[in-house]
Amino acid sequence: MRDTLTAPPARTQVPIRHLTGPLALDRALIEQLLAQAAAFEEARDSAAGRLAGRLLATVFYEPSTRTRFSFEAAMHRIGGQVLSAENATRASSAAKGESLEDAIRIIGGYCDGIVLRHPEVGAAERAAAVATVPVINAGDGPGHHPTQALLDLFTIKKELGRLDHLRVGLAGDLRNGRTVRSLALLLSRFPGNELVLISPPALRMGQDVIGSLEQARQSLRETADLGGAIAELDVLYQTRIQAERFASPEEYERYQGVYVVTPDGMRRFPEHAILMHPLPRLGEIDPLVDADPRAAYFRQARNGLWVRMAVLDWAIGR
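Worth saying up front: this structure is predicted, and the values here are computed from it rather than measured.

Participant: Give a detailed account of the packing of aromatic side chains, specifying residues and quantitative values.
Facilitator: Applying the stated criterion to the full structure yields one aromatic pair. Ring plane angle 65° and centroid distance 5.1 Å describe the contact between Y297 and F298, whose orientation is recorded as edge-to-face. Of the residues examined, Y297 reaches a relative accessible area of 1% and is grouped as buried.

See below:
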């Protein structure tokens, strides 16, 4: 009898689930994540222990409050632990000139997933190209912010009961606003929606997003007149003028305060509609508006916890 050497069966390579931008989110996955987020909110103890023994690295090269805290809270609530670099530009080897790719290769060896915020458009894709663990984009400069767009959809569905056949106004700095860029693309996944893009001509939505919306046959119109549009909306998504994205303080000053939602403006806003904002706000919503039940922005921010729990469970917890 002859000894034989049998090769072990080949291992099946499980694809890494990165979330680097809105193109990774088709309607089926959006609905899956929103349903899981709703389940986590409804049965808050159901998530305990789902990611026990898993470690998340939050690597932020730009400042953050809501995104970083909600991701870290989400990871703890789902049973995992967190490594946090909240000022990676200065407090990591980036200060010595280390490349993003090398940093991701190293960090990925210590954890099971990476949440990355970076000032450069495309940074999340660069990170995902070399990562051995899931990379989740927490904002890449004026590029995209896919988990913010998901929590925005979650909020709209909770508040209005649907994600289709809505007239949604996106107002402010649409050129540099990564939240509105991602939200516009995700809203185009659902039928019957109309997007009203409200901005000064110099801050209009980039042609890359406009082109994708047109290719998807998304109904849209552009205007500089917030006052004229507000009475027709189901959702007004107000954003700040982003000082950090302008070439000079003088250019920023030209647009600061161009759109401000006031109690007077809210009198023209439909009773069923909701006012949203990704926050932080810098004067573009009068604090007197906070008491209006249609002001959903603080509820919106809280919804980030459930949505990011769902995203982490999907990306890391298989």
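Participant: I'd like a description of the sheet that holds strand β8 (residues 235-238), backed by residues and values.
Facilitator: Ordered by their spatial adjacency, five strands build an open sheet running β7-β6-β5-β8-β9, and the pairing between neighbours is parallel. In this open sheet, the two strands that pair with only one neighbour each are β7 (219-223) and β9 (274-276). On average, each strand axis in the sheet is tilted by 20° relative to the strand beside it, whichever way the strands run. Direction of pairing for strand β5 (residues 167-171) relative to β8: parallel, over a ladder of four bridges. Bridged to V168 within β8 is V235. The strands touched by helix α6 (residues 146-160) are β8 and β9; relative to β9, the strand with the most contacts, the crossing angle is about 165°.

Participant: With reference to specific residues and values, describe the sheet that holds strand β2 (residues 81-85).
Facilitator: Spatially, four strands are ordered β2-β1-β3-β4 in an open sheet, and the strand pairing comes out parallel. Looking along the sheet, the strands with just one partner apiece sit at the ends: β2 and β4 (135-140). Averaged over all adjacent pairs, the angle separating strand axes in this sheet is 15°, with direction ignored. By the bridge criterion, five bridges tie strand β1 (residues 55-60) to strand β3 (residues 113-118) in an arrangement that is parallel. Bridge pairing links F60 to R117 in β3. Each of β1, β3 and β4 touches helix α12 (residues 297-316); the most contacted strand, β4, lies at about 140° to it.

Rules and cut-offs
Residues numbered from 1 in each chain as written. Predicted model: local features only at pLDDT ≥ 70, side-chain atom pairs only at ≥ 80, totals over all residues. Heavy atoms only, no water. Phe/Tyr/Trp six-rings, centres within 6.5 Å; stacked < 30°, edge-to-face > 60°. Buried < 20%, exposed > 50% of the residue type's maximum accessible area, 1.4 Å probe, protein only. Pairing = 2+ DSSP bridges. Helix = DSSP H or I, 4+ residues; strand = E, 2+ residues; numbered from the N terminus. Axes fitted to C-alpha atoms, helices over the stretch in contact; angles between N-to-C directions. Contact = heavy atoms within 4.5 Å.

The analysis is restricted to geometry; functional conclusions fall outside its scope.
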